[in-house]
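Examination of the molecular architecture
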Amino acid sequence: MKSVLVVYFSRGGHTARVARRIWETVIAEGNQADMMSMTEADREGVQWDKYDLVIVGAPVLYGTYTKTVMHFVTKYKDQLNAKPHSFFNVSVVARTPYKATPEGNRYMQKFLKMSPWTPRDVKCIAGKVDYPNWGWLDTKMIQLIMKMTKGPTDPTAVIDYTDWEDVKTYARHCLTLA
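Here's what I pulled together on the structure shown here. (Residues numbered from 1 in each chain as written. Predicted model: local features only at pLDDT ≥ 70, side-chain atom pairs only at ≥ 80, totals over all residues. Heavy atoms only, no water.)

It is worth spelling out the overall build of the protein at this point. When you go through the protein residue by residue, the secondary structure sums to 7 helices and 7 strands. In terms of overall size, the protein behaves like a compact globule, its C-alpha atoms giving a radius of gyration of 16 Å where 178 residues would be expected to give roughly 16 Å. Counting only C-alpha atoms and orienting by the principal axes, one finds that the protein spans roughly 45 × 30 × 30 Å. Burial analysis of the protein (178 residues in total) assigns 48% to the buried set. Contacts in the protein between residues far apart in sequence, at least 24 positions, make up 76% of those at least 6 positions apart. Carbon and sulfur atoms provide 53% of the accessible area of the protein, an area that totals close to 9000 Å². (Helix = DSSP H or I, 4+ residues; strand = E, 2+ residues; numbered from the N terminus. Rg over C-alpha atoms; globule rule 2.2 N^0.38 Å. Buried < 20%, exposed > 50% of the residue type's maximum accessible area, 1.4 Å probe, protein only. Contact = heavy atoms within 4.5 Å. Areas by Shrake-Rupley, 256 points an atom, 1.4 Å probe, with all protein chains shown as cover.)

Another aspect to go through is the sheet that holds strand E5 (residues 122-126). Ordered in space as E2-E1-E3-E4-E5, the 5 strands form an open sheet in which the pairing is parallel. Only two strands of the sheet have a single neighbouring strand rather than two, namely strand E2 (32-37) and E5. Across the sheet, the mean angle from the axis of one strand to that of its neighbour is 20°, orientation sign disregarded. Alignment of strand E4 (residues 85-91) against E5, held across 5 bridges, turns out to be parallel. Within E5, the position partnered with Val90 by the bridge is Ile125. (Pairing = 2+ DSSP bridges. Axes fitted to C-alpha atoms, helices over the stretch in contact; angles between N-to-C directions.)

Inspection of the secondary structure puts Thr139 in helix H6 (residues 136-148). With relative accessibility at 9%, the residue Thr139 sits in the buried group. Within the local environment of Thr139, its side chain forms a polar contact with the backbone oxygen of Tyr131, the two atoms lying 3.4 Å apart. Among residues more than four places away in sequence, those in contact with Thr139 are Tyr131 and Trp134. (Polar contact = N/O pair within 3.5 Å; in protein donor to acceptor, adjacent residues only side chain to side chain.)

What follows covers the state of the cysteines. Think of a disulfide as a covalent bridge from one cysteine sulfur atom to another cysteine sulfur atom. One pass over the structure, following the stated rule, counts 0 disulfides. The thiol of Cys124 is unpaired, and the distance to the nearest cysteine sulfur, on Cys174, comes to 13 Å. Assessed through its relative accessible area of 3%, Cys124 is described here as buried. (Disulfide = S-S within 2.5 Å.)

What follows deals with the pattern of salt bridges. Within the structure shown, the criterion is met by 8 salt bridges. Its salt-bridge partner being Arg11, residue Asp138 comes within 2.7 Å of it at the nearest N-O pair. Of this pair, Asp138 sits in helix H6 while Arg11 sits in the loop between strand E1 (3-8) and helix H1 (14-28), and the two are 127 residues apart along the sequence. Here Arg21 makes a salt bridge to Glu24, at a shortest N to O gap of 3.8 Å. Taken together, the residues span about one helical turn, with Arg21 and Glu24 both in helix H1 at a distance of 3 residues. (Salt bridge = Lys/Arg side-chain N within 4 Å of Asp/Glu carboxyl O.)

Computed from the structure, the largest pocket encloses a volume of approximately 610 Å³. Forming the walls of the largest pocket are 28 residues, and the residues nearest its centre are Val60, Leu61, Val92, Lys128 and Trp134. In terms of residue count, H6 provides more of the lining of the largest pocket than any other element does, 4 residues in total. Looking at the lining of the largest pocket residue by residue, the classes come out as 12 nonpolar, 10 polar and 6 charged. (1 Å grid on protein atoms, 1.4 Å probe; cavity = no way out; pocket = protein on both sides within 12 Å on 5 of 7 lines; lining within 4 Å. Points joined across faces, edges and corners; volume = space filled by probe spheres on them. Nonpolar A, V, L, I, M, F, W, Y, C, P; charged D, E, K, R; others polar.)

Here Tyr170 is to be found in helix H7 (residues 164-175). Discounting chain neighbours no more than four positions away, the residues touching Tyr170 are Ile22, Ile55, Ser86, Phe87, Phe88, Asp121, Lys123 and Ile125.

Have a look at this one:
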């Protein structure tokens, strides 16, 4: 039995939902797992020696990662590197097959270039368009991005592009890293 930490940042809740599915899958596979947000992990602390594996996840917001994500990986890069680990990002651009690969996802490439932590294992997960639950500015900005990338622009659209079976497969893959 492995002990796994799933740590994530989520702004609108979708990345938290992805992290929860990973956490649930790890437990369903007969392992022990904890799940916490990056903010909680940073404020409350993490007993790093308790875990055999760490899975880190973050959304891409307007083509970038929030300061919270970069702060977390900067502060804890040594602890992350000391264990088997994986990093996943969640973005709507990953809705297309090529952009769902680390090589084809420019936001994953950007993370790998800018981050002081270089994860050894990475995954791109397609996100969710949820115009009705976003504020006016977020809706307009995402619609502009979607127009440029031939995605949905209907302000009533709620489209979950996440392949939930693939998320479970990813969780099982992560277990092979430890």
